[in-house]
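Observations on the three-dimensional arrangement
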Amino acid sequence: MALASGVRFPARALLRPWSLLRDTTLGRSEPAAGGGGGGDGARLFGSQRVLVEPDAASGVAVMKFRNPPVNSLSLELLTELVISLEKVENDKTFRGVILTSACPRVFSAGLDLTELCGRNPAHYTEYWKAVQELWLRTYLSSLVLVAAINGACPAGGCIIALACDCRVLADNPKYHIGLNETLLGITTPFWLKDTYVNTIGHRASEQALQLGSLFPPSEALQVGLVDQVVPEDQVLSTALSEMARWLAVPDHARQLTKTMMRKATADRLLRQRDADIQNFVSFICRDSIQKSLQVYLEKLRQRKG
Ligand SMILES: CCCCC/C=C\CCC/C=C/CC(=O)SCCNC(=O)CCNC(=O)[C@H](O)C(C)(C)COP(=O)(O)OP(=O)(O)OC[C@H]1O[C@@H](n2cnc3c(N)ncnc32)[C@H](O)[C@@H]1OP(=O)(O)O
């Protein structure tokens, strides 16, 4: 699939990209933002793991991750998110997207650890390209992106939220957000570190990244990781109000300003994408890293039982 940033998608997506977008119940979905959703528009954008509720009247689409139980970012979910975002972005009806979760209590558990364990280098290469692609597409999107964080938001979940223009978090002490990679025995790639620094500053990032801090809502607000913390049942309505505030600004001026603010960070990755992939693959293939990840995954599984 030819995308602006040059990423190649899984063979099945390359052969039949829309095979990933079959399904769905989308035509029957609830209107997103004050009516007008559903119908053919919804059918056009949604997929099995990404539910899209478009509202042509407001120009806003609500995009819900639907990869139970915890919206882990599998290769399929990453691919479907990129395709859905691209389709919304290419439809001039839309000026904004709200990213949220259709799974209870979890926004996203981050990268799918089963994609990082026990696979071969070709798989890791394909997977990391898809991670890069989603980040570039969200971080550089000309649309206004608002994260309506209605659940736990560790690691890769936080990365998606950080790429948005604005973050609204539900006020539930269980809904932690942050980059906890070090606790898994892995490190954060430089471009995600840069995004963290851009959001919460150097000193706070230095501490939080090394400690693998996951912040409860009040602390996330205090450190500037999120912009608003609101009662759980008001997350979506607050995200829609935030969206209206951002959409009140003329698109061209806002988009140019966004590009001006984000270009240097994105360019750092764009200049060395292949090297970043190679770094990732050789890092993740190390026996010690594989062992750490497997121990972490096993702990997660046991915690449940
Ligand atoms: C030198 C060069 C360096 C280059 C760069 C190198 C490396 C880059 C590193 C890449 C960055 C990685 C970032 C990541 O995103 S790693 C993923 C980190 N994620 C987490 O730590 C979150 C783990 N999950 C949780 O904490 C919880 O699941 C929860 C999200 C808080 C939800 O809790 P709960 O509702 O109680 O659900 P369970 O814990 O019972 O989970 C249900 C089910 O899901 C499985 N699972 C959970 N998270 C993941 C995951 N991320 N991937 C895959 N599977 C996951 C969990 O094991 C349960 O499965 P079973 O039902 O089979 O037991």
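Residues numbered from 1 in each chain as written. Predicted model: local features only at pLDDT ≥ 70, side-chain atom pairs only at ≥ 80, totals over all residues. Heavy atoms only, no water.

An unreviewed UniProt entry lists the protein under the name Enoyl-CoA delta isomerase 1, mitochondrial, with Ovis ammon polii as the source organism. Its UniProt record gives the protein the following Sequence similarities (unreviewed entry) comment, quoted word for word: "Belongs to the enoyl-CoA hydratase/isomerase family." (UniProt positions renumbered as here; feature names shortened; annotations may be inferred.)

Looking at where Leu 73 falls in the secondary structure, it is placed in the loop between strand S2 (60-65) and helix H3 (75-90). As a C-alpha pair, Leu 73 and Val 131 span 58 residues in sequence and 8.6 Å in three-dimensional space. Contacts of Leu 73, omitting those with residues within four sequence positions, involve Leu 78, Leu 81, Ser 108, Gly 110, Leu 111, Asp 112, Tyr 127, Gly 156 and Ile 160. (Helix = DSSP H or I, 4+ residues; strand = E, 2+ residues; numbered from the N terminus. Contact = heavy atoms within 4.5 Å.)

What follows concerns the sheet that holds strand S4 (residues 144-149). Spatial ordering of the open sheet is given by S1-S2-S3-S4-S6-S8, a layout of six strands whose pairing is mixed. In this open sheet, the two strands that pair with only one neighbour each are strand S1 (50-55) and strand S8 (228-230). Shown here is a sheet whose adjacent strand axes are inclined to one another by a mean of 20 degrees, direction ignored. As paired strands, strand S3 (residues 96-101) and S4 are joined by four bridges and run parallel to one another. (Pairing = 2+ DSSP bridges. Axes fitted to C-alpha atoms, helices over the stretch in contact; angles between N-to-C directions.)

It is worth spelling out the side chain of Lys 258 at this point. With respect to the element layout, Lys 258 can be found in helix H11 (residues 251-271). When neighbours within four sequence positions are excluded, Lys 258 is seen to be in contact with Tyr 139, Ser 141, Leu 143 and Asp 165.

The next subject is the environment of Ser 72. Positionally, Ser 72 belongs in the loop between S2 and H3. Here Ser 72 falls in the buried class, since its relative accessible area comes to 15%. Put simply, Ser 72 and Asp 112 are 40 residues apart on the chain and 4.7 Å apart in space, counted from C-alpha to C-alpha. With residues near it in sequence (within four places) discarded, Ser 72 still touches Asn 67, Leu 77, Gly 110 and Asp 112. (Buried < 20%, exposed > 50% of the residue type's maximum accessible area, 1.4 Å probe, protein only.)

Right, let's get into unusual backbone geometry. Residue Pro 69 is bonded to the preceding Pro 68 through a cis peptide linkage, with omega at 10 degrees. By the element assignment, Pro 69 lies in the loop between S2 and H3. Notably, Asn 71 is not glycine yet its phi reads approximately 50 degrees, a positive angle. When you line up the elements, Asn 71 lands in the loop between S2 and H3. Here Asn 71 falls in the buried class, since its relative accessible area comes to 0%. The phi dihedral of Ala 155 falls on the positive side, at around 50 degrees, and the residue is not glycine. Tracing the sequence through the fold places Ala 155 in the loop between strand S5 (153-154) and helix H6 (156-163).

Turning our eyes to something else, we now look at the packing of helix H7 (residues 190-200) against H11. Their axes nearest at 10 Å, the elements H7 and H11 cross at an angle of 175 degrees. Between H7 and H11, the angle is such that the two are roughly antiparallel. Listed contacts from H11 to Phe 190, Trp 191, Lys 193, Asp 194, Thr 195 and Asn 198 of H7 are Thr 265, Arg 268 and Leu 269. Residues belonging to the contact of H7 with H11 are distributed by class as follows: three nonpolar, three polar and three charged. (Parallel < 35°, antiparallel > 145°, perpendicular 65-115°, else oblique. Nonpolar A, V, L, I, M, F, W, Y, C, P; charged D, E, K, R; others polar.)

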